[in-house]
Structures are given as structure tokens and as C-alpha cells.
Amino acid sequence: MKIADICRTKQTLSFEIFPPKKDSDLQSIDKTLEILSDLKPDFISVTFGAGGGSNRNRTIELAKQIKNDYKIEPVVHLTSIHYTKAEIDRFASVMREEGIENVLALRGDRTDLIPEKDDFRHASDLVSYLREKYDFCILGACYPECHPESDSRISDIAALKKKVDAGAEVLLSQMFFDNEMFYDFVERTRIADIDVPVIPGIMPVTKAAQIRKMVSICHASFPRRFEKIIERYGDDSDALFDAGMSYALSQIIDLLSSDVSGIHLYTMNNPVIAGRICEGIKNIACVRA
Ligand code: FAD
């Protein structure tokens, strides 16, 4: 089923996972998927070489497993900056053969490990290409606090508008820790006539090292309430886990009650995190439906 169609009927709940880096981790991803699928998400998205990683060949394989073994709708992240049109066609034909209907079309993280090609400069180029040749439901990424490479919020929204006009039907957001940033962003998208569902991405923070890495990658700002948690519990992993989960839950409940299109949870392949969040919202519509 296409994610855009699901979005028309309910607030969605979705999880993001990444393919295992080593063969020896394949069994643990099975366990993760078993638990995640019990939580009945509307879809599970699978990253594609995020952060410059080299585990690209496992993405479609894992998406296939999610669809066939767990009967959950997968979304394949597909990056384009490192590929030619012919290479994208190869990925797309495999997805089509496997009955995969949803693609998150991305430019991709830059990495020195793979040379860049000239066919796709921006995600919107991939979106137009896929829209013209294939029948996927195309999702796009968006950045409530502005993409780090953008000169301004205005140019960032203008680029997003191009992506949506090219055919992106649903937007998945970068993680953020201050809901006001998200509400302000959605308002700016509406002013720019971007009228597709914008699903907020939430990452429950449970480890101090993870926070430092995230700040360097996504430039998310931390509200004082969040900083206090890190200052107080950063060196106590159990306490930080509890505090990070409670913080994420309070963000999610505020978002859901403000009528957002859904919640996309960055699970970091940790089903305990997803389980605890779902337990905390089990009587709230997107989980109950
Ligand atoms: P774009 O939309 O192309 O934007 C990149 C920059 O170019 C922005 O500054 C934008 O404003 C500008 N821009 C875009 N279009 C135009 C235009 N037409 N003219 C001028 N400027 C333009 N990375 C991975 O490698 N693998 C993953 O699996 C992955 N999953 C992700 C999932 C989500 C939900 C998100 C939010 C990000 C993900 N990323 C992933 C990271 C993403 O690939 C990087 O943030 C990358 O830097 C930009 O990708 P994009 O598709 O958003 O690019």
C-alpha cells in the first residue's frame, strides 16, 4: 500500500531501521523486526548507506523481508548523488519486481568513499526521474531547522517546494528536540504552498555519545529542558535512558495532540526503545487504529 494513501486515513506510526553492517548481525535484525512488527507500525523505512556507510546492498533485501515475512509496508531510502541513471534503474527494477511501492528519494550523505556522479545533483532530480518512469509513492526528506548546506530558511523551503512539485507526496522530517521548531517549519511550508503530509521524525536519546554524534550530523538545537537532562543524567546510562524516553514521549504526545500527520521514530535498531514509546502511547489513535 502507498504511504500517501495511508496518510489520508490516519495519523501514521512508523519506524526507521538501518541494515546490519556485518553478516553476523543478520540474526539480531530478525529479532528487532519481530518485536517492531508486533507494535504494528504503518511502515518501516530502511536506510541506504546513511552517514556514508557501505551497507547499501542490504537495504532492498531487508525491505523485502519486512514486506514478505512481517507483512508490513517497507519504505526504501534511495540516494542518488553517487549513482547514474542506469544504476538507479537497476535499483528501481529490483524494487518493482519485489512489489515495493514506497521510496524515500534522497540526494544522500556525501562521503569520500564513493565518487559522486553527474546525473542527480539534488533529491528533486531523483524525484522527477522516478515520477516519470515508475509508479512508486515517493517520499522526500525535510529539515525543520534548515538543511545544514542551505544559505537560508527561505532557500531551503524553495528547494523543498521543488521537490514536492517534482512529485514527492509525503515528507519525513529530520529529528528535532524542540517541537516549536517543527510547528514553525510546517507553517512556513504551508505559506509556500507545500500541502503534502509532513511526518515529524523523533529520536529518543538514550546515550550521551549518541547526542554528540547527532549534533554534529543534523545541527539540531536543544531546548534548555533537554540540556538539563543531559547535564544531570549524561553520565548515568540508566537514568539517561529513562529521562530520554520520557522526553521523547512528551514530544510525541504534544505532536499527536497538535494533529501532525504521524510519528516517524528513529529506532536505532533498538526494539526496546520503540516498545517503550508504543507502551506510552498505546491508547492514542495512531497506535490503536
Ligand atoms: P536535497 O533535497 O537535495 O537537499 C540538499 C541541499 O540542497 C539542501 O541544502 C537543499 O536546500 C539544497 N537543494 C535541494 N534541491 C535544490 C535545488 N533544486 N536547487 C538548489 N538547492 C537545492 N542519507 C543517506 O545517505 N541515506 C539515508 O538512508 C538517509 N536517510 C534519511 C532519512 C531522513 C528522514 C532524512 C531527513 C535524511 C536522510 N538522509 C539519508 C540524509 C540526507 O541524505 C542528507 O541530509 C543529505 O545531505 C541531503 O539529502 P536530501 O535528499 O534532503 O537532499
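Residues numbered from 1 in each chain as written. Predicted model: local features only at pLDDT ≥ 70, side-chain atom pairs only at ≥ 80, totals over all residues. Heavy atoms only, no water.

## Quick notes on the overall build of the protein chain
Line of reasoning, step 1. Per the secondary structure count, the protein chain includes 12 helices and eight strands.
Line of reasoning, step 2. The C-alpha radius of gyration computed for the protein chain amounts to 18 Å, which stays within 12% of the reference 19 Å derived for 289 residues, consistent with globular compactness.
Line of reasoning, step 3. The principal-axis extents of the C-alpha atoms in the protein chain amount to approximately 50 × 45 × 40 Å.
Line of reasoning, step 4. Per-residue burial over the protein chain gives 55% buried out of 289 residues.
Line of reasoning, step 5. Across the protein chain, the fraction of contacts at a sequence separation of at least 24, relative to all contacts at a separation of at least 6, is 80%.
Line of reasoning, step 6. When the accessible area of the protein chain is evaluated, it comes to approximately 13,700 Å², of which 49% is carbon and sulfur surface. (Helix = DSSP H or I, 4+ residues; strand = E, 2+ residues; numbered from the N terminus. Rg over C-alpha atoms; globule rule 2.2 N^0.38 Å. Buried < 20%, exposed > 50% of the residue type's maximum accessible area, 1.4 Å probe, protein only. Contact = heavy atoms within 4.5 Å. Areas by Shrake-Rupley, 256 points an atom, 1.4 Å probe, with all protein chains shown as cover.)

## Re the pairing of strand S7 (residues 198–202)
Line of reasoning, step 1. In terms of burial, S7 is largely enclosed, as five of its five residues are buried.
Line of reasoning, step 2. Of the two faces of S7, the one lined by Val198, Pro200 and Ile202 and the one lined by Ile199 and Gly201 are each fully buried.
Line of reasoning, step 3. Judged from the three bridges that link them, strand S6 (residues 170–175) and S7 form a sheet pairing that is parallel. Pairing of Leu171 across the sheet is with Val198, part of S7.
Line of reasoning, step 4. Read from S6 through helix H7 (residues 179–191) to S7, the crossover connection turns out right-handed.
Line of reasoning, step 5. The sheet contact formed by S7 and strand S8 (residues 262–266) spans two bridges and is parallel. (Pairing = 2+ DSSP bridges. Right-handed = clockwise from strand over helix to strand, strands pointing away.)

## Structural notes on the site of the ligand
Line of reasoning, step 1. Around the ligand lies a shell of 26 residues, among which Arg107, Tyr143, His147, Ser150 and Lys163 are the nearest.
Line of reasoning, step 2. Phe48 places a main-chain nitrogen or oxygen 2.9 Å from an oxygen atom of the ligand.
Line of reasoning, step 3. Contact distances for the ligand include 2.8 Å between an oxygen atom and a backbone N or O atom of Ala123.
Line of reasoning, step 4. Burial of the ligand by the surrounding chains reaches 87%, relative to a free accessible area of 960 Å².
Line of reasoning, step 5. Elements with a contribution of two residues or more to the shell around the ligand: strand S3 (73–79), strand S4 (102–106), helix H5 (123–133), helix H6 (153–166) and S6.
Line of reasoning, step 6. Here the shell around the ligand takes four residues from H6, the largest share from any one element.
Line of reasoning, step 7. Tallied by class, residues from the shell around the ligand come to 10 nonpolar, 10 polar and six charged. (Near = heavy atom within 4 Å. Polar contact = N/O pair within 3.5 Å; in protein donor to acceptor, adjacent residues only side chain to side chain. Nonpolar A, V, L, I, M, F, W, Y, C, P; charged D, E, K, R; others polar.)

## Details of the side chain of His77
Line of reasoning, step 1. Tracing the chain through its elements places His77 in strand S3.
Line of reasoning, step 2. In terms of polar contacts, His77 uses its side chain to reach the side chain of Ser45, at 2.8 Å.
Line of reasoning, step 3. Leaving out residues up to four positions away in the same chain, His77 has contacts with Glu16, Ser45, Val46, Thr47, Phe48, Thr59, Leu104 and Leu106.

## Observations regarding the pattern of salt bridges
Line of reasoning, step 1. Applying the stated criterion across every chain, the model contains 19 salt bridges.
Line of reasoning, step 2. Residue Asp89 is joined to Lys133 by a salt bridge in which the shortest nitrogen-to-oxygen separation is 3.2 Å. One end of the pair, Asp89, is in helix H4 (residues 85–97); the other, Lys133, is in helix H5, and 44 residues separate them in sequence.
Line of reasoning, step 3. Owing to a relative accessible area of 17%, Asp89 belongs among the buried residues under this scheme.
Line of reasoning, step 4. The residue Glu227 makes a salt bridge to Arg224 at a minimum N-O spacing of 3.4 Å. Of this pair, Glu227 and Arg224 both sit in helix H9 (residues 224–233), three residues apart, which is roughly one turn of the helix.
Line of reasoning, step 5. Judged by its relative accessible area of 47%, Arg224 is partly exposed.
Line of reasoning, step 6. A cluster of three or more residues bridged by salt bridges with shared partners is formed by Arg107, Arg110, Glu116 and Glu149. (Salt bridge = Lys/Arg side-chain N within 4 Å of Asp/Glu carboxyl O.)

## Observations concerning the nonpolar core
Line of reasoning, step 1. Core analysis: the biggest nonpolar cluster contains 64 residues, and Phe15, Ile17, Ile88, Met95 and Leu130 have the highest contact counts within it.
Line of reasoning, step 2. Looking at which element gives the most residues to this core, the answer is helix H10 (residues 237–257), with seven residues.
Line of reasoning, step 3. Those residues in contact with Met95 that lie beyond four places of it in its chain are Ile60, Val76, Leu78, Ile100, Val103 and Phe136.
Line of reasoning, step 4. Judged by nonpolar contacts, the second largest core, of 15 residues, contains Met175, Phe177, Ala220 and Leu240. (Core = buried A, V, L, I, M, F, W, Y, C linked by side-chain atoms within 4.5 Å.)

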